[in-house]
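Report on the structure
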Amino acid sequence: MEKFEKVISRAVPLSIEDIDTDQIIPARFLKATTREGFGENLFRDWRFNEDNSVKSGFPLSNQSFSGSILVAGRNFGCGSSREHAAWALADYGFKVVVSSFFADIFKGNALNNGILPVQVTDEFLAQMIAKIEADPLTEIEVDLDNQSISCGEIKTDFEVNSYKKKCLQNGYDDIDYLVSLKDKIEAFELQAITI
């Protein structure tokens, strides 16, 4: 994974609530076993008609909106536990998803795949969406080190698991993290042998 420090980007507003993992990546696209290629089918049934023509009006189809931050409605990632939802978001290019509530399994899958889920209040989320919809050039700054997010003059803090924060900051998955502790593990083993 890439190291995550600070993201300053425009954003895509998706003010729909209760977005489940089957809407993020429909089940019929889950046949692949690698993480690549899922982005093209992100929100497939909302982005495209049955004849594969682009549905106008959907934010990801609107060229005014772009960036590596998705600002979504409350209860994002509910439904089944498919990790493919995080794969699809990452493959599309999103590094951050902002919502006022995340399903726990989605939140874990996102963090394990280098996507930072930023949980804010309903009020802050509504203000962000309004700003982005009014001016698609609005930039959002997400600072992982300081656990803060700002959008214009509004700013708030967010929580993140300290272990996952360290992994994101270093570009580690769980195995990489263990490998980073190799010297300490070996020293502990030597100490245990001498006792």
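Further up the page is the structure itself.
Residues numbered from 1 in each chain as written. Predicted model: local features only at pLDDT ≥ 70, side-chain atom pairs only at ≥ 80, totals over all residues. Heavy atoms only, no water.

Topic: the layout of surface pockets
- By volume, the largest pocket is sized at about 500 Å³.
- If you trace the largest pocket, you find 23 residues lining it, with Met1, Glu2, Ala90, Asn113 and Gly114 closest to the centre.
- Of all the secondary-structure elements, those providing two or more residues to the lining of the largest pocket are strand S1 (6-9) and helix H3 (84-92).
- For the lining of the largest pocket, the leading source of residues is H3, giving four residues.
- Of the residues in the lining of the largest pocket, the class split is eight nonpolar, five polar and 10 charged. (1 Å grid on protein atoms, 1.4 Å probe; cavity = no way out; pocket = protein on both sides within 12 Å on 5 of 7 lines; lining within 4 Å. Points joined across faces, edges and corners; volume = space filled by probe spheres on them. Helix = DSSP H or I, 4+ residues; strand = E, 2+ residues; numbered from the N terminus. Nonpolar A, V, L, I, M, F, W, Y, C, P; charged D, E, K, R; others polar.)

Some remarks on the nonpolar core
- One finds Phe43, Phe76, Leu89 and Leu116 to be the most contacted residues of the largest nonpolar core, which totals 52 residues.
- Setting aside residues no more than four positions away along its own chain, Phe43 makes contact with Leu14, Ile19, Gln23, Ile24, Phe58, Leu60, Leu70, Phe76 and Leu89. (Core = buried A, V, L, I, M, F, W, Y, C linked by side-chain atoms within 4.5 Å. Buried < 20%, exposed > 50% of the residue type's maximum accessible area, 1.4 Å probe, protein only. Contact = heavy atoms within 4.5 Å.)

Observations regarding helix H4 (residues 104-112)
- All buried positions along H4 are accounted for by Phe106, Asn109, Ala110 and Leu111.
- The secondary structure elements touched by the buried residues of H4 are H3, strand S5 (116-119) and helix H6 (162-170).
- Of the residues flanking the end of H4, it is Gly114, one or two places downstream, whose phi is positive at about 80°.

Thoughts on the packing of aromatic side chains
- Summed over all chains, the structure comprises 10 aromatic pairs.
- Look at Phe76 and Phe106: their rings are 5.2 Å apart centre to centre, the planes differ by 75°, and that puts the pair in the edge-to-face class. Of this pair, Phe76 sits in the loop between strand S3 (69-72) and H3 while Phe106 sits in helix H4, and the two are 30 residues apart along the sequence.
- What makes Phe76 buried here is its relative accessible area of 0%.
- Classification of Phe106 by relative accessible area gives buried; the value is 2%.
- Connected via pairs of aromatic rings, a cluster forms that spans Phe43, Trp46 and Phe58.
- Just above the ring of Phe48 sits the side chain of Arg44; from NZ or CZ to the centre is 4.3 Å. (Phe/Tyr/Trp six-rings, centres within 6.5 Å; stacked < 30°, edge-to-face > 60°. Lys NZ or Arg CZ within 6 Å of the ring centre and 35° of its normal.)

A short note on the sheet that holds strand S7 (residues 148-151)
- Pairing is antiparallel across the open sheet formed by four strands, whose spatial order is S1-S6-S7-S8. Each of the sheet's edge strands pairs with one partner strand only, and the pair in question is S1 and strand S8 (154-157). The mean inter-strand angle of the sheet, taken between neighbouring strand axes irrespective of direction, is 10°.
- Bridge analysis of S7 against S8 gives four bridges, and the strand direction is antiparallel. Bridging from a neighbouring strand, Ile149 pairs with Thr156 of S8. (Pairing = 2+ DSSP bridges. Axes fitted to C-alpha atoms, helices over the stretch in contact; angles between N-to-C directions.)

Some remarks on the pairing of S7
- Side-chain alternation along S7 places Ser148 and Ser150 on one buried face and Ile149 and Cys151 on a second face that is also buried.
- The pairing of strand S6 (residues 140-143) with S7 spans four bridges and is classified as antiparallel. Paired with Asp143 across the bridge in S7 is Ser148.
- From the end of S6 to the start of S7, which pair antiparallel, there are four residues, and Gln147 there has a positive phi angle of about 50°.
- Here S7 hands over to S8 after two residues, with Gly152 in that stretch at a positive phi of 65°.

A few points about the sheet that holds S5
- The strand order across the open sheet built from four strands is S2-S3-S4-S5, with neighbouring strands paired in parallel fashion. A single partner strand is all that each edge strand has here, and the edge strands are strand S2 (11-14) and S5. Between one strand axis and the next, the sheet turns through 20° on average, direction left out of account.
- Taken together, the four bridges between S2 and S3 define a ladder with parallel strand orientation. Bridged to Ala11 within S3 is Ile69.

What is shown is where atoms sit, not what they do.
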